[in-house]
Amino acid sequence: MRRTSPWVGWALCLCASLAVSAQDYIEEDELVLDPVRDDGTRPESGAEFLRCNKAAWRMPGQYLVMLRQGAHESHVQRTITRLRARAARRGHLPEVLQTYSGALRGFLVKMSSDVLHLAVKLPHVQYIEEDSSIFAQSAPWNLQRLLQPHGGTSENGTYKPPNDGGMAEVYLMDGHVQSSHREVQGRVLITDFNNVPEEDGVRVHRQASQCDSHGTHIAGVVSGLDSGVARGAGVKLVRVLNCQGKGTVSGALAGLEYIRASLQARPAGAVVVLLPFIGGLSRSLNAACRDMVANGAVVIAAAGNYRDDACLYSPASEPEVITVGAVNAADQLMSQGAGGTNVGRCVDFFAPGDDIVSASSDCSTCFTTRGGTSQAAAHAAGVAAVILSSNQNVSPVQVLQTMLRYSISNTINLLSLSDTHRLVTPNLVAAMPPADSPANGELLCRSVWSERSGVAGTDVAISRCRRGEEMMGCSSYAPDGVGVGETIATHSEWMECVAYNGARGRGVYAVARCCVTGGLRCQARASPEPGRDAECVDRQHHLTGCTSWSPAEVSSNSRPHLGDRKRCAAKDGVTSHAVCCQAPSLECRLLENISADEDGVEVSCPSGWTLSDCSAVSRGSAVLGPVAKGNSCSVRGATAADGAASVAVCCRVLPPEQPATAPR
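These numbers were taken from a predicted model, which means no experiment stands behind them.

**Topic: the overall build of the chain**
Part 1 of the argument: For the chain, the count of helices and strands is nine helices and 40 strands.
Part 2 of the argument: Considering the chain as a whole, with its 664 residues, one finds that 54% of them fall into the buried category.
Part 3 of the argument: When contacts within the chain are restricted to residue pairs at least 6 apart in sequence, long-range pairs at least 24 apart make up 74% of them.

**Re the sheet that holds strand S30 (residues 534-536)**
Part 1 of the argument: Sheet architecture is open: three strands sit in the order S30-S33-S32, paired in antiparallel fashion. In this open sheet, the two edge strands, each paired with only one partner strand, are S30 and strand S32 (559-562). Ignoring strand direction, the axes of neighbouring strands in this sheet form an average angle of 15 degrees.
Part 2 of the argument: Inspection of the sheet shows S30 paired to strand S33 (residues 566-569) by three bridges, in the antiparallel sense. The residue bridging alanine 534 from the neighbouring strand is cysteine 568, located in S33.

**Topic: the pairing of strand S34 (residues 575-582)**
Within a regular strand, the side chains alternate between the two sheet faces.
Part 1 of the argument: Within S34, seven of the eight residues are buried, which leaves the element mostly enclosed by the surrounding structure.
Part 2 of the argument: Pairing of strand S29 (residues 521-526) with S34 involves six bridges; the strand directions are antiparallel. Directly across from arginine 525, in S34, lies its bridge partner alanine 578.

**Brief notes about the nonpolar core**
Within soluble globular proteins, side chains that are nonpolar tend to cluster in buried spots.
Part 1 of the argument: Leu274, Ile300, Val324 and Phe349 are the most contacted members of the largest nonpolar core, which has 52 residues in total.
Part 2 of the argument: Of the residues forming this core, the biggest block, 11 residues, is contributed by helix H7 (residues 373-390).
Part 3 of the argument: Excluding residues within four positions of it along the chain, phenylalanine 349 makes contact with Ile322, Thr323, Val324, Gly325, Ala380, Leu400, Met403, Leu404, Ser407, Pro426, Leu428 and Ala430.
Part 4 of the argument: Met472, Cys474, Ala478 and Leu562 belong to the second-largest nonpolar core, a separate cluster that totals 35 residues.

**Re the packing of H7 against helix H8 (residues 396-406)**
Angle between the axes and distance between the axes: these two values describe a pair of packed helices.
Part 1 of the argument: In contact at an axis separation of 10 Å, H7 and H8 are set at 110 degrees when each is read in the N-to-C sense. By the angle class used here, H7 and H8 are roughly perpendicular. Note on element contacts: H8 touches H7 through Val399, Thr402 and Met403, opposite Ala380, Val383, Ala384, Ile387 and Leu388.

**Let's talk about the packing of helix H4 (residues 214-223) against H7**
Part 1 of the argument: Contact geometry for H4 and H7: axes closest at 8 Å, N-to-C directions at 35 degrees. H4 and H7 meet at a crossing whose hand is right-handed. Across the interface between the two elements, His214, His217, Ile218, Val221 and Val222 from H4 touch Ser374, Gln375, Ala378, His379 and Gly382 from H7.
Part 2 of the argument: Classifying every residue of the contact of H4 with H7 gives four nonpolar, six polar and no charged.

**Brief notes about unusual backbone geometry**
Residues other than glycine predominantly adopt negative phi, and peptide bonds predominantly adopt the trans conformation.
Part 1 of the argument: Residue proline 315 is reached from serine 314 by a cis peptide bond, and omega for that bond is 5 degrees.
Part 2 of the argument: Relative to the helices and strands, proline 315 is located in the loop between strand S14 (313-314) and strand S15 (322-327).
Part 3 of the argument: Within the chain, arginine 307 stands out as a residue other than glycine whose phi angle is a positive 50 degrees.
Part 4 of the argument: As for its position among the elements, arginine 307 is in the loop between strand S13 (298-302) and S14.

**Examining the pattern of salt bridges**
Part 1 of the argument: Enumeration according to the criterion identifies 15 salt bridges in this entry.
Part 2 of the argument: Arginine 145 is the partner of aspartate 331 in a salt bridge, and the nearest nitrogen-oxygen pair spans 3.0 Å. Here aspartate 331 is found in the loop between S15 and strand S16 (335-336), whereas its partner arginine 145 is found in helix H3 (residues 141-147), with 186 residues between them in sequence.
Part 3 of the argument: For glutamate 496, the salt bridge is made with arginine 464, and the minimal N-O distance between the two is 2.3 Å. Separated by 32 residues along the polypeptide, glutamate 496 in strand S27 (residues 495-501) and arginine 464 in strand S24 (residues 460-464) bring together distant segments of the chain.

**Describing H4**
Part 1 of the argument: Of all 10 residues that make up H4, 10 are buried, and the element is covered over most of its length.
Part 2 of the argument: Within H4, burial applies to His214, Gly215, Thr216, His217, Ile218, Ala219, Gly220, Val221, Val222 and Ser223.

Rules behind the numbers
Residues numbered from 1 in each chain as written. Predicted model: local features only at pLDDT ≥ 70, side-chain atom pairs only at ≥ 80, totals over all residues. Heavy atoms only, no water. Helix = DSSP H or I, 4+ residues; strand = E, 2+ residues; numbered from the N terminus. Buried < 20%, exposed > 50% of the residue type's maximum accessible area, 1.4 Å probe, protein only. Contact = heavy atoms within 4.5 Å. Pairing = 2+ DSSP bridges. Axes fitted to C-alpha atoms, helices over the stretch in contact; angles between N-to-C directions. Core = buried A, V, L, I, M, F, W, Y, C linked by side-chain atoms within 4.5 Å. Parallel < 35°, antiparallel > 145°, perpendicular 65-115°, else oblique. Left-handed = near helix turned anticlockwise from the far one by under 90°. Nonpolar A, V, L, I, M, F, W, Y, C, P; charged D, E, K, R; others polar. Salt bridge = Lys/Arg side-chain N within 4 Å of Asp/Glu carboxyl O.

Keep in mind these values describe shape, not function.
In structure tokens:
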């Protein structure tokens, strides 16, 4: 970890330094320091004293002593000698750090402010200026990366999101935050909650104010004055980590209960709960997070820094939580020595999490660089605060779908991962939605992969959507091509996509296509008997997906038809389900591509349309199955002899002023 002060990243401190004489009245944020003697009297005359008009950027105790025009280098040395002598008689020892002999003649000195009244009266001194910080005029890489994909960075490189996230409250469950730091001053409230274990290997349990910079750094990434993603968002610290960054599941549960009680006592319109920590798999912690989402909070968690499967940890493994992995400035997976970002199907997307500059608790103006999935989750929390501030009526899952909609796809090189993780890890890097993004009118969909089933012939894999989503499609994927298809199981409040392993198969995945838009409602209709088509009989419904299951070892998907009869055509012995959905101004159409080589085949929905279902159809031997990622549907393991086809159902919701076309 390295420290900078403050850093390459922001506004040049145009210290339009204000000049006053020794007799000027002292006012806050003007020339705050007027040189005075210990007894309160002012010198009769003397040099001017200048101070930066930005109080947070001042560097007390370090001063530029500049001589009058025409002074020679010898005058500089004489002035230094006189200052040292006069200061020494009063018990002070100034330290000269730098001399200047070019366009200006003078020196930089580190000394007590008590010596200023002596320095301003030295011969040849024209003025004394308190040193201050300067900053480069560009946003740091992580903030630029959030904005660049959708044109949010202004011409001079400053960070300008659609809004400042000021309508959202962010509950940060961490250790200590130095609330007096210039980055977060006035933005952070330290709550009265404190549930942390004693530190390991120390005799004295440190106070929160003596902790390292983790919490301060995270708070700065969320809402820091210059380092923050959502600079208007309020942060409330709920302390569950000690100074070593260690907590307990029981303490985290108590912290979540505290947040829940606080929101019940004083409801807030837009709430983000940030969990920048990881623990082993915990049913209790996952359940508490799930309850928080059910009560309307957007819960965001770090994926973990163990270069492992995020599904093995909590709260990252909870499906209702938005789980965030970390990438570096090159949009590649973050690596930290033997560790690195966790991956897998439980990760929703990745965000900047390497070499991130933010506030340090070392001092109120100190900054430092840190990295990890905690920092990545903090970026996501900031983006969520901006989304919620644009529309406080969006649900937690709509926030997730919006973040996925505007994430950048296919920039991460996943070749270093195992075959399993490469298949199910999302290739998405978070980006800030543009200011003109639709509030709630788009159809937004995502693929939800199950874990791989067992290898027994009766084993199944199950995938389901989050609260507030509707399942518009269901498919299965068998890595070895041995699967017998999938069905949809209907429950009172949700549907499940169930995939079946073949008798000699090595496991299968279920892939649900989960979608949101205003007024969307879906239902599954089964074929009356094997070999007969499944249909959407209500004219208001659109066919958005088909499933097929056969007791035979190799299954061929039902082919969707979107004509007058919206049906899933089933072969002999095949049981099919039709997914039938309705929403205002919804329309769907079918796209098909036939394989012509051994690399498989892919079909993509056009711009403005969203993939709702992905099917693989083959005349020959089994294909591995369809893979739906983003708006593309691909069939793997197909050959020209198979006559394999990739079939995509593409849907969209039209604006009210544009009439829908007839489904095809």
